[in-house]
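A look at the structure
Listed below are the residues making up each chain.
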Amino acid sequence: MKIQDVRSEFTTSRPGDYPSDALPEIAFLGRSNVGKSSLINSLLNRKRLARTSKAPGRTRAIHWYRVEGSGQRCHFVDLPGYGYARVPRRVREHEWAALIETYLRSKQPMAVAIQLLDIRREGPTTLDEQMIEWLRANERPTTYVLTKADKLSRSRRARAAQLFARKLQLPDGMRPIPYSTVTGEGRAELWSVLDSHIAKGSPGYGERLAGRGGVDEDHR
Ligand code: GTP
Ligand code: MG
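Residues numbered from 1 in each chain as written. Chains lettered and ligands numbered in written order. Predicted model: local features only at pLDDT ≥ 70, side-chain atom pairs only at ≥ 80, totals over all residues. Heavy atoms only, no water.

Right, let's talk about unusual backbone geometry for a bit. At N33, a residue that is not glycine, the phi angle is positive and equals roughly 75°. Unusually for a residue other than glycine, Q169 sits at a positive phi of about 55°. In this structure, Q169 sits in the loop between α4 (154-167) and β7 (177-178). For Q169, a relative accessible area of 65% puts it in the exposed group. (Helix = DSSP H or I, 4+ residues; strand = E, 2+ residues; numbered from the N terminus. Buried < 20%, exposed > 50% of the residue type's maximum accessible area, 1.4 Å probe, protein only.)

Here we take up the environment of S180. Note that S180 resides in the loop between β7 and α5 (187-201). Judged by its relative accessible area of 0%, S180 is buried. Between the alpha carbons of S180 and A149 there is a distance of 5.0 Å; along the sequence they are 31 residues apart. Side-chain polar atoms of S180 contact the backbone nitrogen of T183, separated by 3.0 Å. (Polar contact = N/O pair within 3.5 Å; in protein donor to acceptor, adjacent residues only side chain to side chain.)

Another point: the sheet that holds strand β2 (residues 25-29). Taking strand neighbours across the sheet as the criterion, the seven strands line up as β1-β3-β4-β2-β5-β6-β7 in an open arrangement whose pairing is mixed. With partners counted over all chains shown, the strands left at the sheet margins are β1 (3-12) and β7, one partner each. Bridge count between β1 and strand β3 (residues 62-69): eight bridges; the pairing is antiparallel. The residue bridging T11 from the neighbouring strand is H63, located in β3. On top of the sheet, helix α3 (residues 126-137) reaches β2, β5 (110-118) and β6 (142-147); it is set at about 160° to β5, its chief contact. In the packing of α4 onto the sheet, the strands contacted are β5, β6 and β7, and the crossing angle to β6 comes to about 145°. (Pairing = 2+ DSSP bridges. Contact = heavy atoms within 4.5 Å. Axes fitted to C-alpha atoms, helices over the stretch in contact; angles between N-to-C directions.)

Summed over all chains, the structure comprises six aromatic pairs. Between F10 and W64, the ring centres sit 5.6 Å apart and the planes meet at 75°, which makes this aromatic pair edge-to-face. Taken together, the residues F10 in strand β1 and W64 in strand β3 connect sequence positions 54 residues apart. The interplanar angle of 80° and the centroid separation of 5.8 Å between the aromatic rings of Y18 and Y103 together place this pair among those described as edge-to-face. Here Y18, found in the loop between β1 and β2, pairs with Y103, found in helix α2 (residues 89-105); they are 85 residues apart in sequence, far enough to count as distant. Accessibility assignment for this pair places Y18 and Y103 in one class, buried. Every member of this aromatic cluster is reached through a ring pair, and the members are F10, Y18, W64 and Y103. (Phe/Tyr/Trp six-rings, centres within 6.5 Å; stacked < 30°, edge-to-face > 60°.)

What follows covers the packing of helix α1 (residues 36-43) against α5. For any two helices packed against each other, the geometry comes down to the angle between their axes and how far apart the axes lie. Contact geometry for α1 and α5: axes closest at 11 Å, N-to-C directions at 85°. The angle between α1 and α5 falls in the class roughly perpendicular. Facing α1, whose interface residues are L39, S42 and L43, α5 presents R187, L190, W191 and L194. Classifying every residue of the contact of α1 with α5 gives five nonpolar, one polar and one charged. (Parallel < 35°, antiparallel > 145°, perpendicular 65-115°, else oblique. Nonpolar A, V, L, I, M, F, W, Y, C, P; charged D, E, K, R; others polar.)

All right, on to the confidence of the model for the chain then. Detailed reading of predicted coordinates is not advised where the pLDDT is low. Counting all residues, the mean pLDDT for the chain is 87, and 84% of those residues have values of 70 or more. The weakest mean pLDDT in the chain belongs to helix α6 (residues 205-212) at 48; the strongest belongs to β6 at 98. In the model, residues 211-220 has pLDDT below 50 throughout and makes 23 contacts with residues more than four positions away in sequence or in other chains. (pLDDT = per-residue confidence, 0-100.)

This is the structure:
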């Protein structure tokens, strides 16, 4: 997508209170501090659109960003991170979990879930696994992104991608995308995945493909 307009559109901390304009949604999921808000800023070429923080637990509501370009529109959905130990258990297990869960179970038109995993961990954590199992059981298309790739050398990055592919039991030929918001590694690759999901989630997809012979490949 050639991005033409990005807007912070809607924030809710109340489960079930969502925008209703039916744009395809790209949902960003992962542990607290894994880099969801940073990934959104990097994909959208904005420095401070989504609030990021060194301390985990920054995003405590669901934020929707409206993204427009190349004749397409979609929402990026920044969800609160799970698994942050310093939040009182009651809040963590009820309020935040309710926010994430109610969103996931809603009828919002999720085009693809982006599951983020820290490349330095040697595989998904138990909470990641629970999330991934849920996505699979509910047949949600999912793309896996390994964040903070700049923290590992090139050879360790490649090994980590293989290790995660095995632990996530991805089908042959499918691998998680190493991403760095510092170097931009992975950005073009992830955009091409997003573009195809956004196109599929938009009305008239079949006709456009027939007319043009392909999905837009311009990822800037
Ligand atoms: P919550 O909102 O608490 O769930 O966190 P989050 O997943 O949105 O994480 P956030 O984007 O706030 O990033 C957490 C920290 O990781 C920040 O200090 C970021 O600067 C850092 N970070 C994110 N992505 C990268 C990356 O690719 N490379 C490096 N070196 N640091 C990163
Ligand atoms: Mg955040």
